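These are the residues of each chain, in order.
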Amino acid sequence: MSEARARLLSKATGLFYAEGIHAVGVDRVIGEAQVTRATLYKHFPSKDDLIVAYLTQADEAIRARVQAARADDSNADDVIRTVGRSITDDIQSAGFRGCAFLNAAAEYPDPAHPVHRAVVKHREWFLETMTELFSGIGKIDAEPAARHFVMLRDGAMTAGCLSDPKPICETFLRGIEGLLTYRSREAL
């Protein structure tokens with residue numbers, strides 16, 4: 001990736017996440033990145049392309065963290081817990097403003113829009129990944145458990161930027177333990 005592209009994407013990422021996608025115009029991104037309009041459009045033919053690149057970068061970072069959790073932990077229970085802790089780390093980080101994907105979906109509700117499609121693509125991958133992890137711990141109902149996990153995550157990401165994140169994170173992690181424990185009761 002060229003230095004100019006990386007700088008554009010970095011500045012756009014910070015601005016889009018902190019202020020909202022619609023609130024930030026391309027002139028602002030160009031100014032912050034200290035590039036010309038021609039440079040922006042050389043790397044990103046439209047603002048939509050820049051937004052999709054921002055979401056793709058966020059998606060890749062999450063995928064990498066899940067992959068690292070899978071590499072570090074030997075069993076699916078621990079991988080699920082590690083993914084959960086990773087989410088709570090995000091929620092408690094400085095400048096946390098919710099889920100980049102949920103925020104983008106709220107700004108781009110049209111299912112045909114490329115930004116909305118990028119959000120859906122990420123969410124489908126995340127649900128499939130969580131379903132696979134819950135299947136790995138022997139859950140008969142892995143897909144409903146994964147949907148439950150994703151809903152808990154969505155709620156925690158939303159509530160975590162509206163109030164004190166500590167109790168939100170504690171509740172989210174208790175919810176994950178509940179999903180893992182429920183599997184044990186089924187086996188009895």
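Residues numbered from 1 in each chain as written. Predicted model: local features only at pLDDT ≥ 70, side-chain atom pairs only at ≥ 80, totals over all residues. Heavy atoms only, no water.

Peer 1: Please explain empty space enclosed by the protein as it appears in this structure.
Peer 2: Take a probe with the size of a water molecule and roll it over the atoms, and the empty space left behind shows itself. Taken as a whole and judged by the stated rule, the model has one cavity of 30 Å³ or more. Estimates place the volume of the largest cavity at around 30 Å³. Residue contributions to the lining of the largest cavity peak at four residues, all from helix α6 (residues 100-107). Grouping the amino acids of the lining of the largest cavity by side-chain chemistry returns five nonpolar, two polar and one charged. (1 Å grid on protein atoms, 1.4 Å probe; cavity = no way out; pocket = protein on both sides within 12 Å on 5 of 7 lines; lining within 4 Å. Points joined across faces, edges and corners; volume = space filled by probe spheres on them. Helix = DSSP H or I, 4+ residues; strand = E, 2+ residues; numbered from the N terminus. Nonpolar A, V, L, I, M, F, W, Y, C, P; charged D, E, K, R; others polar.)

Peer 1: Can you help me understand the packing of aromatic side chains in this one?
Peer 2: Two numbers describe a pair of aromatic rings. These are the distance of the centres and the angle of the planes. Under the definition given, this model contains five aromatic pairs. Arranged with centres 6.2 Å apart and planes meeting at 45°, the rings of phenylalanine 126 and phenylalanine 149 form a pair that is tilted. With a gap of 23 residues between them, phenylalanine 126 in helix α7 (residues 114-135) and phenylalanine 149 in helix α8 (residues 142-159) connect regions that are remote in the sequence. Phenylalanine 149 carries the same exposure label as phenylalanine 126, and that label is buried. Ring geometry for phenylalanine 149 and phenylalanine 172: centres 5.7 Å apart, planes at 65°, overall edge-to-face. In this pair, phenylalanine 149 sits in helix α8 while phenylalanine 172 sits in helix α9 (residues 165-187), placing the two residues 23 residues apart along the sequence. Feature note: the residues Trp125, Phe126, Phe134, Phe149 and Phe172 constitute an aromatic cluster, connected by ring pairs. Here arginine 153 stacks its cationic end above the ring of phenylalanine 126, 5.9 Å away from the centre of that ring. (Phe/Tyr/Trp six-rings, centres within 6.5 Å; stacked < 30°, edge-to-face > 60°. Buried < 20%, exposed > 50% of the residue type's maximum accessible area, 1.4 Å probe, protein only. Lys NZ or Arg CZ within 6 Å of the ring centre and 35° of its normal.)

Peer 1: Explain unusual backbone geometry here, please?
Peer 2: The phi torsion of most residues other than glycine is negative, and most of the peptide bonds are trans. The phi dihedral of glutamine 34 is positive, around 55°, even though this residue is not glycine. Take glutamine 34: it is sitting in the loop between α2 (26-33) and α3 (37-43). Overall, glutamine 34 belongs to the exposed group, its relative accessible area being 68%.

Peer 1: Just to check I follow, could you spell out the packing of helix α5 (residues 76-91) against α8 for this structure?
Peer 2: Think of two packed helices as two axes; the pair is described by the angle between the axes and how far apart they sit. For the pair α5 and α8, the least separation of the axes is 10 Å and the interaxial angle reads 15°. It follows that α5 is roughly parallel to α8 by the angle criterion. Once α5 is placed against α8, the crossing between them reads as right-handed. Within the contact between the two elements, α5 uses Ile80, Val83, Gly84, Ile87 and Ile91 and α8 uses Phe149, Arg153, Ala156 and Met157. (Axes fitted to C-alpha atoms, helices over the stretch in contact; angles between N-to-C directions. Parallel < 35°, antiparallel > 145°, perpendicular 65-115°, else oblique. Left-handed = near helix turned anticlockwise from the far one by under 90°. Contact = heavy atoms within 4.5 Å.)

Peer 1: Explain the state of the cysteines to me, please; I cannot follow it from the model alone.
Peer 2: By definition, a disulfide is the covalent link that joins the sulfur atoms of two cysteine residues. Under the definition given, this model contains zero disulfides. Summary of cysteine pairing: cysteine 99 is not part of a disulfide, and the nearest cysteine sulfur, belonging to cysteine 161, is at 10 Å. (Disulfide = S-S within 2.5 Å.)

Peer 1: Which parts of the structure should I look at to understand the nonpolar core?
Peer 2: Side chains of nonpolar character tend, in soluble globular proteins, to be buried together. Counting 59 residues, the largest nonpolar core has Phe134 and Phe149 as the members making the most contacts within it. For this core, the secondary structure elements donating two or more residues are α1 (3-19), α2, α4 (47-72), α5, α6, α7, α8 and α9. With residues near it in sequence (within four places) discarded, phenylalanine 149 still touches Ile80, Val83, Gly84, Ile87, Phe126, Met130, Phe134, Phe172, Ile176 and Leu179. (Core = buried A, V, L, I, M, F, W, Y, C linked by side-chain atoms within 4.5 Å.)

Peer 1: Hey, could you run me through α8 in this one?
Peer 2: Helical periodicity: at 3.6 residues per turn, an α-helix aligns residues three or four positions apart in one direction. Counted at 1.5 Å a residue, the expected span for α8 with its 18 residues is 26 Å, and the 25 Å between its end C-alpha atoms agrees. Within α8, burial applies to Ala142, Ala145, Ala146, Phe149, Val150, Arg153, Asp154, Ala156 and Met157. (Expected span 1.5 Å × (residues − 1).)

Peer 1: I'm lost on the layout of surface pockets in this one. Help?
Peer 2: A volume near 480 Å³ is recorded for the largest pocket. Lining the largest pocket are 25 residues, and of these Ala58, Ile62, Arg65, Asp90 and Met157 sit closest to its centre. Looking at which element gives the most residues to the lining of the largest pocket, the answer is α4, with eight residues. Among the residues making up the lining of the largest pocket, the classes are represented as 15 nonpolar, seven polar and three charged.

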